[in-house]
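Take a look at the letters that make up each chain.
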Amino acid sequence: MTNDKDILIILNSPESYITLDNLIDNVIDYFDCTLGYCPWIVQPELLVKEDKLIGLTYSLPSQYIILVSNWLEKINNSHAKIKKISSSNYYNIKDYSTDYMFEVFWLNEKPDRTEGLAIVEDFWLFSKNISEKFLNNVFAIGLSNPHQVAKDHNLKWTF
């Protein structure tokens, strides 16, 4: 089934992902969240398995590795992880100025490559009800119109 809706990875829920018609104010209000972006300000790339878009990857500066590692340990979600570039065959080491990547998967499959992006509409939702800032209040990570993103990169987006 082809899906041209927005998608969210819910990081603190047993439900791994949900699709939305689009991320609008009433959806954000429903989740009691605020809209934001990756806290360390980086452009994501696509994670690809064969010809399928399966997730996003963000370069992870060294000063954030411990914070992100601690956060991932707390949320214990198999759809988000840190990956060392040198231990992977789908990253080209010379293309990155960091040794680690933060990966978010809609499908828990092993990627075989990444696709660089010029512009992609990723978004992070932060819970309003948690006073602690930075990562502990990240509720979900999403991508607007993944079907179009996949099409732009000659990939498939199916569920």
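Structural notes, computed from the coordinates. (Residues numbered from 1 in each chain as written. Predicted model: local features only at pLDDT ≥ 70, side-chain atom pairs only at ≥ 80, totals over all residues. Heavy atoms only, no water.)

Brief notes about the sheet that holds strand β7 (residues 100-105)
This is how the line gets drawn: Strands pair, by our definition, only if DSSP identifies at least two bridges between them. Counting from the N terminus, the helices are DSSP H or I runs at least four residues long and the strands are E runs at least two residues long. For helices, the fitted line uses only the C-alpha atoms of the stretch in contact; every axis is such a line through C-alpha atoms, and the angle between N-to-C directions lies from 0 to 180 degrees. Between two residues, a contact is recorded if the distance between any of their heavy atoms is within 4.5 Å.
A sheet is described by the order of its strands in space; here 5 strands give the open sequence β6-β7-β5-β4-β8, paired in antiparallel fashion. With one partner strand each, in any of the chains shown, β6 (80-84) and β8 (113-115) form the two edges of the open sheet. Taken pair by pair, the neighbouring strands of this sheet meet at an average axis angle of 35°, ignoring direction. Where strand β4 (residues 45-49) meets strand β5 (residues 52-60), 5 bridges bridge the pair, whose relative direction is antiparallel. Each bridged residue has a counterpart across the sheet, and for K49 the counterpart in β5 is K52. Here helix α2 (residues 65-75) sits on the sheet in contact with β5, β6 and β7, set at roughly 140° to β6.

Focus: the side chain of T57
Our working definition: Think of a polar contact as two N or O atoms within 3.5 Å of one another; within protein, one of them needs to be a possible hydrogen donor and the other a possible acceptor, and neighboring residues in sequence only count if both atoms come from side chains.
The residue T57 is located in strand β5 in this model. Reaching out from T57, the side chain makes a polar contact with the side chain of Y91 at a distance of 2.5 Å.

Thoughts on the pairing of strand β9 (residues 122-127)
Where we set the bar: For each residue, the accessible area found with a 1.4 Å probe, counting protein chains only, is set against the maximum for its type, and the residue is called buried under 20%, exposed over 50%, and partly exposed in between.
Most of β9 is tucked away, with 6 of its 6 residues classed as buried. Of the two faces of β9, the one lined by D122, W124 and F126 and the one lined by F123, L125 and S127 are each fully buried. Bridging between strand β3 (residues 33-36) and β9 involves 4 bridges; their strand directions are antiparallel. The residue of β9 that forms the bridge with C33 is S127. In the sheet, β9 pairs with strand β10 (residues 138-143) via 5 bridges, with the strands oriented antiparallel. Looking across to β10, one finds that F126 is bridged to V138.

Some details on the environment of S87
Examined against the element boundaries, S87 turns out to sit in the loop between β6 and β7. Side-chain polar atoms of S87 contact the backbone oxygen of K84, separated by 2.8 Å.

Here's the deal with the pattern of salt bridges
Convention followed: Put simply, a salt bridge is a Lys or Arg side-chain nitrogen that is within 4 Å of an Asp or Glu carboxyl oxygen.
Inspection of the entire model under this criterion finds 4 salt bridges. Of the charged contacts in the structure, one is a salt bridge between D51 and K156, with a shortest N-O distance of 3.2 Å. Of this pair, D51 sits in the loop between β4 and β5 while K156 sits in the segment after α3 (146-152), and the two are 105 residues apart along the sequence. What makes K156 partly exposed here is its relative accessible area of 45%. Here R113 ties to E115 by a salt bridge, and the two come within 3.2 Å at their closest N and O atoms. A residue is classified by how much of its surface remains accessible, and R113, at 30% relative accessible area, is partly exposed. Linked through salt bridges whose partners overlap, the residues forming this network are D112, R113 and E115.

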